[in-house]
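# Fold and contact review
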Amino acid sequence: MAKLKAQRLELINPSVIMGLVHKARQIASTGRPIIDLGIGEPDFETPAHIKESAIEAIRNNITKYTVVAGEPRLREAIVAKFMDENFLTYSVNEISVSGGAKQAIFNTMMASLSPGDEVIIPSPYWSSYLDIVEMCQGIPVVVECSPAQRFLITAEQLERAIGSRTKWLILNSPSNPAGGVFRPEQLKELAQVLEENPDVHILSDDIYEHFMFDENQFTSILNVAPQLRERTVIVNGVSKIFAMTGWRLGYCAGPKYLIDNINAVQSHSTTHASSISQAAAVAALTGPKEFIAERSASYQQRRDIVITGLTAAERITSIVPDGAFYVYSDCSGVIGAETPSGQTIADDVGFCSWLLECHGISTVPGVAFGLSPHFRISTAASEEAIESACTEIVKACSELVFRRE
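Residues numbered from 1 in each chain as written. Predicted model: local features only at pLDDT ≥ 70, side-chain atom pairs only at ≥ 80, totals over all residues. Heavy atoms only, no water.

For strand S3 (residues 118-123), a buried count of five out of six residues is recorded, marking the element as mostly surrounded by other parts of the structure. Pairing geometry for S3 and strand S4 (residues 139-144), over six bridges, is parallel. Looking at the pairing, Pro122 lines up with Val143 of S4. The parallel pair S3 and S4 is bridged by helix H5 (residues 128-135), and the resulting crossover is right-handed. Bridge count for S3 against strand S5 (residues 166-172) is three bridges, and the pairing is parallel. Within the sheet, the bridge partner assigned to Ile120 lies in S5 and is Leu169. (Buried < 20%, exposed > 50% of the residue type's maximum accessible area, 1.4 Å probe, protein only. Helix = DSSP H or I, 4+ residues; strand = E, 2+ residues; numbered from the N terminus. Pairing = 2+ DSSP bridges. Right-handed = clockwise from strand over helix to strand, strands pointing away.)

Turning our eyes to something else, we now look at the sheet that holds strand S6 (residues 201-205). The seven strands are arranged S2-S8-S7-S6-S5-S3-S4 in an open sheet whose pairing can be described as mixed. Since the sheet does not close on itself, it has two edges, and those belong to strand S2 (95-98) and S4, each with one partner. Each neighbouring strand pair of the sheet contributes to a mean axis angle of 20°, computed without reference to strand direction. Contacts between helix H3 (residues 72-86) and the sheet are confined to S2, strand S7 (232-237) and strand S8 (250-253), with S2 contributing the most and set at about 115° to the helix. (Axes fitted to C-alpha atoms, helices over the stretch in contact; angles between N-to-C directions. Contact = heavy atoms within 4.5 Å.)

Along the chain, the position of Asn107 falls in helix H4 (residues 101-112). Judged by its relative accessible area of 1%, Asn107 is buried. In this structure, Asn107 is in contact with Ser98, Ile262, Val265 and Gln266, ignoring residues within four places of it in sequence.

Pairing between side chains becomes possible if they bear opposite charge and their charged atoms approach one another. Summed over all chains, the structure comprises 15 salt bridges. Linking Asp117 and Arg165 is a salt bridge whose minimum nitrogen-to-oxygen distance equals 2.9 Å. Linking Asp117 in the loop between H4 and S3 with Arg165 in the loop between helix H6 (155-161) and S5, this pair joins segments that are 48 residues apart in sequence. On the basis of relative accessibility, which here comes to 3%, the residue Asp117 falls in the buried class. Residue Arg183 is joined to Asp322 by a salt bridge in which the shortest nitrogen-to-oxygen separation is 3.0 Å. On the criterion of sequence distance, the pair formed by Arg183 in the loop between S5 and helix H7 (184-195) and Asp322 in the loop between strand S9 (317-318) and strand S10 (326-330) is long-range, its members being 139 residues apart. Look at the salt bridges and you will find they share partners, linking Lys81, Glu85 and Glu209 into a network. (Salt bridge = Lys/Arg side-chain N within 4 Å of Asp/Glu carboxyl O.)

The next point concerns the packing of aromatic side chains. Centre distance and the angle of the planes are the two values used to describe a pair of aromatic rings. Under the counting rule described, the total for this entry stands at 14 aromatic pairs. Aromatic side chains Phe211 and Phe325 sit 5.9 Å apart centroid to centroid with 55° between the ring planes, which places their arrangement in the tilted category. Of this pair, Phe211 sits in the loop between S6 and helix H8 (221-224) while Phe325 sits in the loop between S9 and S10; the two residues are 114 residues apart in sequence, bridging distant segments of the chain. With respect to burial, Phe211 and Phe325 carry one shared label: buried. Centroid distance Phe325 to Tyr326: 4.9 Å. Interplanar angle 45°. Geometry classified as tilted. By relative accessible area, which is 0% here, Phe325 ends up buried. An aromatic cluster of at least three residues, connected via ring pairs, comprises Phe44, Tyr208, Phe211, Tyr299, Phe325 and Tyr326. One Lys or Arg, Lys81, reaches over the ring of Phe82 and ends 5.4 Å from the middle of that ring. (Phe/Tyr/Trp six-rings, centres within 6.5 Å; stacked < 30°, edge-to-face > 60°. Lys NZ or Arg CZ within 6 Å of the ring centre and 35° of its normal.)

As a further point, take helix H1 (residues 16-29). The terminal C-alpha atoms of H1, which comprises 14 residues, lie 20 Å apart, in line with the 20 Å expected from a rise of 1.5 Å per residue. Turning to H1, its buried residues number three or more, namely Ile17, Leu20, Val21, Ala24 and Ile27. Taken end-on, H1 shows its buried residues confined to a sector of 125°, consistent with a single buried face. When the buried face of H1 is taken as reference, the exposed residues oriented beyond 90 degrees from it are Arg25 and Ser29. On its buried face, H1 sits against helix H12 (348-359), strand S11 (361-362) and strand S12 (364-365). (Expected span 1.5 Å × (residues − 1). Arc of directions from axis to C-beta.)

So, on to a nonpolar patch on the surface. Together, Val16, Val349 and Val367 line one region of the surface with nonpolar side chains, adding up to about 190 Å² of accessible area. Tracing the backbone through its elements, the reader meets Val16 in helix H1. (Patch = residues over 30% accessible without salt bridge, like charges linked within 9 Å, V, L, I, M, F, W, Y side chains within 5 Å. Areas by Shrake-Rupley, 256 points an atom, 1.4 Å probe, with all protein chains shown as cover.)

Quick look at the side chain of Glu134 now. Here Glu134 lies in helix H5. Of the side chains with opposite charge, Arg8 comes closest to the buried, unpaired Glu134, at an N-O distance of 11 Å. Leave out the neighbours within four places in its chain, and Glu134 touches Leu11, Ile12 and Pro140. (Lys, Arg positive; Asp, Glu negative; His and termini not counted.)

Contact geometry of helix H11 (residues 290-310) with helix H13 (residues 383-399) gives a least axis separation of 9 Å together with a crossing angle of 15°. When the interaxial angle is binned, H11 and H13 end up roughly parallel. As for how H11 packs across H13, the hand of that crossing is right-handed. Judged by residue contacts, Gln301, Arg302, Ile305, Val306, Gly309 and Leu310 of H11 engage Glu383, Ile386, Glu387, Cys390, Ile393 and Val394 from H13. When grouped by side-chain class, the residues that make up the contact of H11 with H13 number seven nonpolar, two polar and three charged. (Parallel < 35°, antiparallel > 145°, perpendicular 65-115°, else oblique. Left-handed = near helix turned anticlockwise from the far one by under 90°. Nonpolar A, V, L, I, M, F, W, Y, C, P; charged D, E, K, R; others polar.)

Quick look at the state of the cysteines now. One pass over the structure, following the stated rule, counts zero disulfides. Considering cysteine sulfurs only, Cys252 is the nearest to Cys136, which forms no disulfide, with 13 Å between them. (Disulfide = S-S within 2.5 Å.)

Right, dumping it as structure tokens:
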């Protein structure tokens, strides 16, 4: 009997990130110490008042089905968040709540793409963008963004990438994996190109908006180009800002017709986000937020530790990120080198595998994000762990032998 497998899965790549995370945990289970700088998950705890609100929801039997789009009081809280923090006006009928920001992106693509439609994805990119587009029978159009442009797509690149079947541009600022942040003037330049191409929509992934460094300010493309509102979907969630990754609660805002279609997709998949998580998200969005600035400052401090620590690593270069909680370093200088055991570092996967297996440091190779040879370090770890990891990476690089120059 033939094994059953959908043809669309031939286009989907296994998650390099989760594969390395699994490998790191396997090694750790043997008793070897591993410093995990791979997964993008805040190391802070979910604030106590949010946890208490979930417990109270359970006690009050808030455990039944909710409406597909999300509980009205949560959508009202999201509307208020957009007004208070982003100066954007939405109605509750222009909000869809989902089981994480990833599902919001999936729902959006599933609701809008027809076979052969194109989606422009700047690289380096969050790895799921590509696979979500392909699962929805779209065609990713990857635009490589170099370190010289701080890994951000330019208006000229956007203009060249747009074709007759382009339906979406995905923007992520601050970005994963590189921490790139669009300035208002850069967004205005992109908006000018988009105005000339009225069939192109914008998906703005703002999940890291509150983690901004060096007095940079977050700007939405709709702040500089409100005329794009009717073809823009903004995706966000509570996972990163409130350290609620396991709660699986995301949301998106956009024109009502598209939100209706997004909800139609969700109605036949998960139906709605967890009622308990929705109650907790209300508490998160309406409760105290003073801790956010403290956490952002902590991530900036950790970023500085990585940047300073890696300056001593031979042949490794890093662009200082302006936001998020990652450092995306160039390891092209070590490709072709030999390890003390005689192993040749063939690519960034080999470099990250060697760091993990021989030095106990878990990172993610740039191939997972569409731009090699690089590797991503997550700063969502203690300062002590980050300092130790950087020391070990410096040591590892000093061990490499270069047979030819």
